[in-house]
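# Topology and contacts: notes
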Amino acid sequence: MEMIMKKAVVGFFLGALMFGLAACGTGDDESKNSTSTEPSSGVQSSDNQSSGAVGDENNSSSNETPDAAEGWSEEMTGIKTAVVEALGENYWPNMALDAQMLEGFFQIKPEMYDDYMAEMPMISNNVDTLIVVKAKEGQVDAVEAALNAYRDVQINEAHQYPMNVGKVQASVIEKIGNYVIFAQLGADTMEAMDKGDEAVVKQCQEANELAISTIRQKVE
């Protein structure tokens, strides 16, 4: 009987010991699984962040366009600044044109000028434009002819945007020495339109004259 009791006690402790070992083993496995999962998750997160960062950088790079104004000379930058100060919020051109765009839109090639500044609107239904070209010797008439050809096209197509007809008609090309200026300004003409076409033309002419007189002061 005593032997049976001893065997029972030993069996109980062995069972308890085996249970404890099994529990410890499971705990270690869970710990290992948890440990092995976390770095993997961390790497994945890092990869995603890295991929996202590269994507953002690429998107930013692809969306960025060089500002042509950064390449303008000090003289041309000063001219633009003076006109903006004179017209204030009524200066609407907001997209600087590079040499390729100047040639594409206006047929004014690099061999025709020594320097220039040119701005147009980003929005197609706005036509406010200012161009100042410092023509090379003997190229003043060629630059003027190119700008006149552009102006003629604008006048012929102005009917597509009736609110711009008066502004286009009021546009002017002025020569000051070897500088050729194209001014097609006027900003918001909605109130003037209520008074008739002549009021629109007058408002735009006044804006153009102010821009040209300001430029004249800078270049003469």
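Notes on the structure follow. (Residues numbered from 1 in each chain as written. Predicted model: local features only at pLDDT ≥ 70, side-chain atom pairs only at ≥ 80, totals over all residues. Heavy atoms only, no water.)

Time to look at the overall build of the chain. Helices and strands together make up the secondary structure of the chain, namely 7 helices and 5 strands. Ordered by position from N to C terminus, the α and β elements of the chain give α-α-β-α-β-β-α-α-β-β-α-α. Looking at the 220 residues of the chain, the share that counts as buried comes to 32%. Look at the contacts in the chain between residues 6 or more apart in sequence, and 63% of them connect residues 24 or more apart. Of the roughly 13700 Å² of accessible surface on the chain, 53% is carried by carbon and sulfur atoms. (Helix = DSSP H or I, 4+ residues; strand = E, 2+ residues; numbered from the N terminus. Buried < 20%, exposed > 50% of the residue type's maximum accessible area, 1.4 Å probe, protein only. Contact = heavy atoms within 4.5 Å. Areas by Shrake-Rupley, 256 points an atom, 1.4 Å probe, with all protein chains shown as cover.)

If you trace the 5 strands from one edge of the open sheet to the other, you get β1-β2-β3-β5-β4, paired in antiparallel fashion. Here the strands that pair on one side only, and so sit at the sheet edges, are β1 (95-96) and β4 (172-176). Where strand β3 (residues 129-135) and strand β5 (residues 179-184) come together, 6 bridges link them in antiparallel fashion. Looking across to β5, one finds that V132 is bridged to I181. Relative to the sheet, helix α2 (residues 74-87) contacts β2 (113-120), β3 and β5, its axis offset from that of β2 by approximately 35°. Here helix α3 (residues 99-106) sits on the sheet and contacts β1, β2 and β3; the angle it forms with β2, its principal contact strand, is near 75°. (Pairing = 2+ DSSP bridges. Axes fitted to C-alpha atoms, helices over the stretch in contact; angles between N-to-C directions.)

Looking now at the packing of α2 against helix α7 (residues 197-219). For the pair α2 and α7, interaxial distance at closest approach is 9 Å and the crossing angle is 140°. Comparing their axes, α7 and α2 come out oblique. Crossing handedness for the pair α2 and α7: right-handed. Contacts between α2 and α7 involve E75, G78, I79, A82, V83, A86 and L87 on the former and, on the latter, A207, L210, A211, T214, I215, K218 and V219. Of the residues that constitute the contact of α2 with α7, the class distribution is 10 nonpolar, 2 polar and 2 charged. (Parallel < 35°, antiparallel > 145°, perpendicular 65-115°, else oblique. Left-handed = near helix turned anticlockwise from the far one by under 90°. Nonpolar A, V, L, I, M, F, W, Y, C, P; charged D, E, K, R; others polar.)

A few words on α7. Compared with the 33 Å implied by 1.5 Å per residue over 23 residues, the 33 Å span of α7 between its first and last C-alpha is a close match. Restricting attention to buried positions, one finds in α7 the residues V200, V201, C204, A207, N208, A211, I212, T214, I215 and V219. On its buried side, α7 packs onto α2, β3, α5 (165-169), β4, β5 and α6 (190-193). (Expected span 1.5 Å × (residues − 1).)

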